[in-house]
Amino acid sequence: MRATIADIATFDGQQVTLHGWLHNRRSSGKLHFLIIRDGSGFIQAVMSKATVGDDAFTRAAHLGQETSLSVTGAVRADERARGGYEIDVASLEVHGDSQDYPITPKEHGVDFLMDRRHLWLRTERQTAIMRVRHEVIDAVRDFFNGRGFILCDTPIFTPAACEGTSTLFPVQYFEDTTAFLTQSGQLYGEANAMALGKVYGFGPTFRAEKSKTRRHLTEFWMVEPEMAYADLGDVISLAEGLITSIVARVLDKRRTELQILERDTTKLEAVTAPFPRITYDDAATILREKGLPFAYGTDFGGTDETVLSEHFDRPVAITHYPTTIKAFYMKPDPQQPDKALCVDVLAPEGYGEIIGGGQRVDDLDLLLRRIREHGLPQEAFEWYLDLRRYGTVPHGGFGMGIERCVSWICKLEHVRETIPYPRMLYRLYP
Ligand code: 4AD
Ligand code: MG
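The shown structure was predicted, so the numbers you read here are calculated from the model rather than taken from an experiment.

A. How the structure looks around the sheet that holds strand 13 (residues 316–319). Pairing is mixed in the open sheet, where 8 strands are placed in the order 6-10-11-18-17-16-13-12. The sheet is open, and its two edges are formed by strand 6 (150–151) and strand 12 (277–279), each paired on a single side. Inspection of the sheet shows strand 6 paired to strand 10 (residues 198–206) by 2 bridges, in the parallel sense. Following the sheet pairing, Ile150 is matched in strand 10 by Val199.

B. Structural detail: the layout of surface pockets. In this structure, the largest pocket spans a volume of roughly 1,100 Å³. Going through the elements one at a time, strand 11 (219–228), helix 11 (302–310), strand 16 (342–347), strand 17 (352–359), strand 18 (395–401) and helix 14 (402–410) are the ones with two or more residues in the lining of the largest pocket. In terms of residue count, strand 17 provides more of the lining of the largest pocket than any other element does, 5 residues in total. Of the residues in the lining of the largest pocket, the class split is 15 nonpolar, 14 polar and 14 charged. Estimated volume of the second largest pocket: approximately 710 Å³. For the lining of the second largest pocket, the elements supplying multiple residues, two or more each, are strand 1 (15–28), helix 3 (110–115) and helix 5 (124–145). The dominant element in the lining of the second largest pocket, judged by the number of residues it contributes, is helix 5, at 3 residues. Residue composition of the lining of the second largest pocket, by class: 9 nonpolar, 8 polar and 11 charged.

C. Seen up close, the packing of helix 6 (residues 186–196) against helix 13 (residues 382–389). With their axes 10 Å apart at the nearest point, helix 6 and helix 13 run at an angle of 35° to one another. The two elements helix 6 and helix 13 meet at a crossing, and its hand is left-handed. Contact residues: Gln186, Leu187, Tyr188, Glu190, Ala191 and Met194 in helix 6; Trp383, Tyr384, Leu387 and Arg388 in helix 13. Of the residues contributing to the contact of helix 6 with helix 13, the split by class is 7 nonpolar, 1 polar and 2 charged.

D. Looking closely at the sheet that holds strand 2 (residues 31–37). Taken together, 5 strands build a closed barrel; the order of strands is 1-2-3-5-4 and the barrel is mixed. Mean inter-strand twist for the sheet, computed between neighbouring axes without regard to direction, equals 55°. Sheet topology note: the strand 1/strand 2 ladder contains 7 bridges and is antiparallel. By the bridge assignment, Arg25 is partnered in strand 2 with Leu34.

E. View of empty space enclosed by the protein. With the rule as written, the count across this model stands at 3 cavities of 30 Å³ or more. Considered as a void within the structure, the largest cavity measures approximately 90 Å³ in volume. Taken together, 13 residues make up the lining of the largest cavity; nearest its centre are Thr158, Ala160, Ala161, Leu187 and Tyr188.

F. Spatial organisation of the site of ligand 1. The local shell around ligand 1 holds 23 residues, among which Glu163, Gln186, Glu224, Glu353 and Ile354 are the closest. Backbone polar atom of Ile354 to an oxygen atom of ligand 1: 2.8 Å apart, as the coordinates give it. A distance of 3.4 Å is found between an oxygen atom of ligand 1 and a backbone nitrogen or oxygen belonging to Gly356. For ligand 1, whose free accessible area comes to 630 Å², the fraction covered by protein is 94%.

G. Representation of the nonpolar core in the model. Core analysis: the biggest nonpolar cluster contains 50 residues, and Val136, Phe144, Ile246, Met400, Trp408 and Ile409 have the highest contact counts within it. At the level of elements, helix 5, strand 10, strand 11, helix 7 (232–253), strand 16, strand 17, strand 18 and helix 14 are the ones that each hand at least two residues to this core. The element best represented in this core is helix 7, accounting for 11 residues. The contact partners of Ile246, leaving out residues within four places of it in the chain, are Val136, Ala139, Val140, Met400, Cys405 and Ile409.

H. Spotlight on the state of the cysteines. Summed over all chains, the structure comprises 0 disulfides. This cysteine, Cys405, is not joined by any disulfide, and Cys410 carries the nearest cysteine sulfur, 9.2 Å off. Accessibility expressed as a relative area gives 1% for Cys405, which makes it buried.

I. Main features of the side chain of Thr72. One can find Thr72 in strand 4 (residues 68–77). In terms of polar contacts, Thr72 uses its side chain to reach the side chain of Thr17, at 2.9 Å. Look past the residues within four positions of Thr72 in its chain and what remains in contact with it is Gln15, Val16, Thr17, Asp88, Val89, Ala90 and Ser91.

J. View of helix 7. Between its first and last C-alpha atoms helix 7 spans 32 Å; for 22 residues at 1.5 Å apiece the expected length is 32 Å, and the two agree. A distance of 3.1 Å separates the backbone nitrogen of Gly233 from a side-chain oxygen at the start of helix 7, and that oxygen is part of Asp231.

K. How the structure looks around the packing of aromatic side chains. Within this structure, the stated rule accounts for 18 aromatic pairs. Residues Tyr173 and Phe174 carry aromatic rings whose centres are separated by 5.0 Å and whose planes lie at 85° to one another, so their mutual orientation is edge-to-face. With 5.4 Å between their ring centres and 70° between their planes, Phe328 and Phe381 make a pair best called edge-to-face. You can see Phe328 sitting in the loop between strand 13 and strand 14 (332–333) and its partner Phe381 sitting in the loop between helix 12 (364–373) and helix 13, a full 53 residues away along the chain. Here Phe328 matches Phe381 in class, with each residue buried. A network of ring pairs unites the aromatic residues Tyr188, Phe328, Tyr329, Phe381, Trp383 and Tyr384 as a single cluster. Across from the ring centre of Tyr321, 4.2 Å away, lies the NZ or CZ of Lys326, which sits over that ring. Its guanidinium or amino end placed over the ring of Tyr384, Arg388 lies 4.2 Å from that ring's centre, counting from NZ or CZ.

Basis of the calculations
- Residues numbered from 1 in each chain as written.
- Chains lettered and ligands numbered in written order.
- Predicted model: local features only at pLDDT ≥ 70, side-chain atom pairs only at ≥ 80, totals over all residues.
- Heavy atoms only, no water.
- Pairing = 2+ DSSP bridges.
- Helix = DSSP H or I, 4+ residues; strand = E, 2+ residues; numbered from the N terminus.
- 1 Å grid on protein atoms, 1.4 Å probe; cavity = no way out; pocket = protein on both sides within 12 Å on 5 of 7 lines; lining within 4 Å.
- Points joined across faces, edges and corners; volume = space filled by probe spheres on them.
- Nonpolar A, V, L, I, M, F, W, Y, C, P; charged D, E, K, R; others polar.
- Axes fitted to C-alpha atoms, helices over the stretch in contact; angles between N-to-C directions.
- Left-handed = near helix turned anticlockwise from the far one by under 90°.
- Contact = heavy atoms within 4.5 Å.
- Near = heavy atom within 4 Å.
- Polar contact = N/O pair within 3.5 Å; in protein donor to acceptor, adjacent residues only side chain to side chain.
- Areas by Shrake-Rupley, 256 points an atom, 1.4 Å probe, with all protein chains shown as cover.
- Core = buried A, V, L, I, M, F, W, Y, C linked by side-chain atoms within 4.5 Å.
- Buried < 20%, exposed > 50% of the residue type's maximum accessible area, 1.4 Å probe, protein only.
- Disulfide = S-S within 2.5 Å.
- Expected span 1.5 Å × (residues − 1).
- Phe/Tyr/Trp six-rings, centres within 6.5 Å; stacked < 30°, edge-to-face > 60°.
- Lys NZ or Arg CZ within 6 Å of the ring centre and 35° of its normal.

What follows is the structure in structure tokens.
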């Protein structure tokens, strides 16, 4: 009977066949201990000379790491085994030989591993991260689908900038015009919200950032909810609900993976609503009190974000940044027009920003002025201006970078391990 390692417990005492790869092999006299992986997990298969005979036993002594094989044998519960079960091998069939596998159990440098990312993905640690990523994405979808949001995706080729012109990737293809890879689907999300009320988009986004930090990717995945008839408070509540539900879901379903990653789960268990809400001014005061050389009126740098996010035991929502340092579409606070009705959510433990969003300018004249002030081409935004011409309403939303979120939940040093094939300034292969 065909089985997978993930549900091996349901086959206790039965004879099964596992299709997988040889992860590791250890031998002692008349026994081979084969660690098999099948994509769903790892298990030890014990092969004894007495059972399989001399020939099969000798052949198995030459199996290289990552040989693909099928193992047939009885499932036996064993308290000492990881996962609680072992297989007593009755027969073994090799599909594809593997000799001199480049990634051995010894330590390798990150560049060496990144050059072999297609193979590195097979390790226990990397598969644990990919499973957490899967769970985060699944939790995101469930969260929005369960709250009446409609998935309405946005284009990747776009005619204009959303998040500033300095990080655009030009694409030459379309007649008489340069297209750009999208930095964010938000502007289209706003149009979609005017059609459907509550929407979200989820897809790849691109930033031609020349920064080489542990938080930046050139290509990353962003989920972007947008709501009609919503204000900044609604946006913050939604962000809070999303993050707490993702964390609860990973704690519930991915304990094993968090354990493999040696993640201190008490830190994640503390992530409950309400999150502290502070203003940009409050944050500036915290930084000053901690003696950081922060210049009021500028955006927080990497170190500032790290310090602020270490200051709280759960995510913190920072609102009311100066309008001058925020995107053209941010609505100024009517009470204090030099501040924007925006929010950044910083993850704790030094991870920094994982969510950025806020309320959008809903007034036609103001939006026209902002587009001019930012030196943006009005023609490219006519459709976006139409949303203010034909039945404008207060609205808002945010974007959450999946990789930043996964990096924090797994407590990784660098965002590059959270995506199957990271794209960065110096990384395009494989
Ligand atoms: O703060 P950002 O730039 O906001 C926007 O793009 C808005 N238009 C979103 C919206 O309101 N719909 O990006 C949003 C999030 C960040 O908080 C971060 O999690 C992630 O996207 N992000 C990146 N992740 C990895 N690498 C990068 N270079 C990133 N830039 C942004
Ligand atoms: Mg941001």
